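Breakdown of the fold
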Amino acid sequence: MYGINIGIALAGIGNFIYFPHLVATLGSSYSGFWAGFVMFMTYVGRLSATFSYEGFSARVGKRHGIVIGILVEAVALGLMAFAHDVVAYSALAFFVGFGSGTSFPGLKNVLGEFPEAARAKAFSSFQLASQSGIILGALAGGLFSNAQMPLVFLVVFLLFIGYCIAAYFVIPGETHPPKRDVPLFNAGILKGLELGEGTFYFLLSSLFWLLSLNFVVSMPLHMQAYVKELPLTVPFWITGVAMLLLQMPIFRFFNGRFPPGYVMAIAFIGMSAAYLMFGMGVSAYWVVAGCLIVILGDILFTPSFDMWVSAKIPADRLSRAMGAMHFFRSLGNMLGSFLAGLLFDLSRHMGRPGLNWLIVAGLALLCAVVSFASVKKRVPLAEQLSGAK
């Protein structure tokens, strides 16, 4: 468990050293569109990996599947040091995403095989290590503010090689022969989309991730263009530290008083308020203030949605629903990264700094209204509140 946690922390550090710098560099050298498109290709790679993960892992074993996935990601990131145009960055971004989409589910599977008594601790420590890596990466990224991209990617490559070595030596090998009868490519995940009435909330989750990726992609572009007095990575370490400190108390407060549908609506309201701040006040002060509010989205929406799925989806359809969750999340990530670049370019073209934030703030508010109204429509308020207790 410790080796896996060290590995995932190294990955988080590496990702948040290069990610803001790459987006800002592409945005200033090309456009917001191309910055968003390169990140879009990362999520295309991740989604593509979900169709082949099971067959690939069955053939080479979980450990080798994880190690190969990390190695693919590391090599693609290392080769980005030699990329000189958006075509090369886009192609390599696909393999970064494909490697991540192969290794990450494998790590989750390994943790799922821990003894039941240790499983909760394993997953919580994994999440803590991942979040800690993001914070450390965002802090370390400030050291590379004026560095050339080849140096940034060399450091990231070495971190991912360390991640690869940690995975190889701590994850046990397979004790049974490989399964050749499992299809190498399986589109069965698409069956998970047949969810009936539950599809509404899955679509809402896709919109949440679309909005979330707008922050991840638009913020480095925003900082590079308008808030040059702060390092690019400041918003990410602010949100990382705030989430680490506030996640449990905030979620417990709202979860103990309201049903999941209302908590998801509050998450959207928090995102809308933060994006409104970014759009109305284009300055360092408003960036810091908005970052302390935008975390309500991640703190409240994801666990509330997970709880809704586990409570509402019948047990015989739960595995299908899990596949659908990943599909809708990946779809939202892809569209969100692509849309972020387009909206940033639109705001620059119209001479209205912050217009991109105001548009997504309006969309987040609309999602909050729809989420709130859908709960009222389905269940009487008194029954919801009594059920929440």
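Note that the structure is predicted; figures quoted are calculated from it, not measured. (Residues numbered from 1 in each chain as written. Predicted model: local features only at pLDDT ≥ 70, side-chain atom pairs only at ≥ 80, totals over all residues. Heavy atoms only, no water.)

Points about a nonpolar patch on the surface
Taken together, the side chains of Leu-128, Leu-136, Leu-139, Trp-237, Val-241, Leu-244, Leu-245 and Leu-246 present a nonpolar region at the surface, about 690 Å² in accessible area. Counting residues per element, the ones that place at least two in the nonpolar patch are helix H5 (116-141) and helix H8 (234-255). The biggest single contributor to the nonpolar patch is H8, with five residues. Looking at where Val-241 falls in the secondary structure, it is placed in helix H8. (Patch = residues over 30% accessible without salt bridge, like charges linked within 9 Å, V, L, I, M, F, W, Y side chains within 5 Å. Areas by Shrake-Rupley, 256 points an atom, 1.4 Å probe, with all protein chains shown as cover. Salt bridge = Lys/Arg side-chain N within 4 Å of Asp/Glu carboxyl O. Helix = DSSP H or I, 4+ residues; strand = E, 2+ residues; numbered from the N terminus.)

Notes on the packing of helix H2 (residues 32-60) against helix H3 (residues 62-79)
Running from N to C, H2 and H3 point in directions that differ by 120°, and their axes come no closer than 6 Å. Regarding the angle of H2 to H3, the classification is oblique. Regarding H2 and H3, the two cross each other, and that crossing is right-handed. Side by side, H2 and H3 meet where Phe-56, Ser-57 and Val-60 of the first sit next to Lys-62, His-64, Gly-65 and Ile-68 of the second. Class assignment of the residues belonging to the contact of H2 with H3 gives a composition of three nonpolar, three polar and one charged. (Axes fitted to C-alpha atoms, helices over the stretch in contact; angles between N-to-C directions. Parallel < 35°, antiparallel > 145°, perpendicular 65-115°, else oblique. Left-handed = near helix turned anticlockwise from the far one by under 90°. Contact = heavy atoms within 4.5 Å. Nonpolar A, V, L, I, M, F, W, Y, C, P; charged D, E, K, R; others polar.)

Digging into the confidence of the model for the chain
On average, residues of the chain carry a pLDDT of 84, and 83% of them reach 70 or more. The weakest mean pLDDT in the chain belongs to helix H13 (residues 381-388) at 39; the strongest belongs to H3 at 93. (pLDDT = per-residue confidence, 0-100.)

So, the packing of aromatic side chains
Think of a pair of aromatic rings as described by two things: how far the centres are apart, and how the planes are tilted against each other in angle. Within the structure shown, the criterion is met by 29 aromatic pairs. Residues Tyr-18 and Phe-153 carry aromatic rings whose centres are separated by 5.6 Å and whose planes lie at 45° to one another, so their mutual orientation is tilted. Placement of Tyr-18 in helix H1 (residues 2-29) and of Phe-153 in helix H6 (residues 149-170) is noted, with a sequence separation of 135 residues between them. This pair shows no difference in class: Tyr-18 is buried, exactly as Phe-153 is. Ring geometry for Phe-253 against Phe-254: centres 5.2 Å apart, planes inclined by 90°, an arrangement best described as edge-to-face. The buried category is assigned to Phe-254, whose relative accessible area is 18%. Taken together, the aromatic side chains of Phe-16, Phe-19, Phe-215, Phe-236, Tyr-275, Phe-278 and Trp-357 make up a single cluster linked through ring pairs. The ring of Tyr-168 carries Arg-63 above its face, with NZ or CZ at 4.8 Å from the centroid. One cation-aromatic arrangement involves Arg-329 over Trp-209; the distance from NZ or CZ to the ring centre is 3.7 Å. (Phe/Tyr/Trp six-rings, centres within 6.5 Å; stacked < 30°, edge-to-face > 60°. Buried < 20%, exposed > 50% of the residue type's maximum accessible area, 1.4 Å probe, protein only. Lys NZ or Arg CZ within 6 Å of the ring centre and 35° of its normal.)

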